[in-house]
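The residues making up each chain are set out below.
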Amino acid sequence: MKACACHILVKDKILADELKIQLVKGGNFHQLAKKHSICPSGKKGGDLGEFSPGTMVKAFDNVVFKKEILTVHGPIKTQFGFHLIKTLYRS
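Worth saying up front: this structure is predicted, and the values here are computed from it rather than measured. (Residues numbered from 1 in each chain as written. Predicted model: local features only at pLDDT ≥ 70, side-chain atom pairs only at ≥ 80, totals over all residues. Heavy atoms only, no water.)

S.K.: What's the story with the pattern of salt bridges in this structure? I'm lost.
M.R.: When the charged atoms of two side chains lie near each other, side chains of opposite charge can form a pair. By the definition in use, this model includes one salt bridge. Where D17 meets K13, a salt bridge forms, and the shortest distance between an N and an O atom there is 3.0 Å. You can see D17 and its partner K13 sitting in helix α1 (residues 13-24), four residues apart, about one turn around the helix. (Salt bridge = Lys/Arg side-chain N within 4 Å of Asp/Glu carboxyl O. Helix = DSSP H or I, 4+ residues; strand = E, 2+ residues; numbered from the N terminus.)

S.K.: Is there a simple way to explain the sheet that holds strand β3 (residues 72-78) in this structure?
M.R.: Think of a sheet as strands paired side by side through backbone hydrogen bonds, with each pair either parallel or antiparallel. Reading across from one edge, β2-β1-β4-β3 is the order of the four strands in this open sheet, with antiparallel pairing throughout. Looking at which strands have only one partner, the edges of the open sheet turn out to be β2 (47-51) and β3. Strand-to-strand twist in this sheet, taken as the mean axis angle between neighbours without regard to direction, amounts to 30 degrees. With respect to the sheet, α1 is in contact with β1 (3-10), β3 and β4 (81-90), its orientation differing from that of β3 by roughly 170 degrees. Its contacts with the sheet put helix α3 (residues 58-66) on β1, β2, β3 and β4, and the angle it makes with β4 is roughly 30 degrees. (Pairing = 2+ DSSP bridges. Axes fitted to C-alpha atoms, helices over the stretch in contact; angles between N-to-C directions. Contact = heavy atoms within 4.5 Å.)

S.K.: Whenever I open this one, the pairing of β3 confuses me. Can you help?
M.R.: A regular strand places its side chains on the two faces of the sheet in alternate fashion. Sheet topology places β3 next to β4; five bridges connect them, and they run antiparallel. Within β4, the position partnered with H73 by the bridge is I85. Here β3 folds back onto β4 in antiparallel fashion, the turn holding two residues.

S.K.: Honestly, the environment of L84 in this entry has me stumped. Any pointers?
M.R.: With respect to the element layout, L84 can be found in strand β4. The buried category is assigned to L84, whose relative accessible area is 1%. When the C-alpha atoms of L84 and S37 are compared, they prove to be 9.7 Å apart, with 47 residues separating the residues in sequence. Beyond its immediate chain neighbours, meaning those up to four positions away, L84 contacts C6, H7, I8, A16, L19, K20, L23, F29, V72, H73, G74 and P75. (Buried < 20%, exposed > 50% of the residue type's maximum accessible area, 1.4 Å probe, protein only.)

So yeah, pure geometry; function would need other evidence.
Set out below in structure tokens:
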């Protein structure tokens, strides 16, 4: 199985919660990722491309491979910070 996902990574939960509210209200995921994400993928609008299970940390994989696609999940805490994750597809 493979999946394609994008995410926004920030250091604090308050900002993650604020971004999640903006997304729920129709905010543009890719623009918010470019503006706020501290991950290098932020430059690409948070796009992580296609990957297999086990590539990302467990908490991240659990969202990408088990939760509903095309829905923003999170904030999910990992050792990197707080993620808002959107799975684009699984195959």
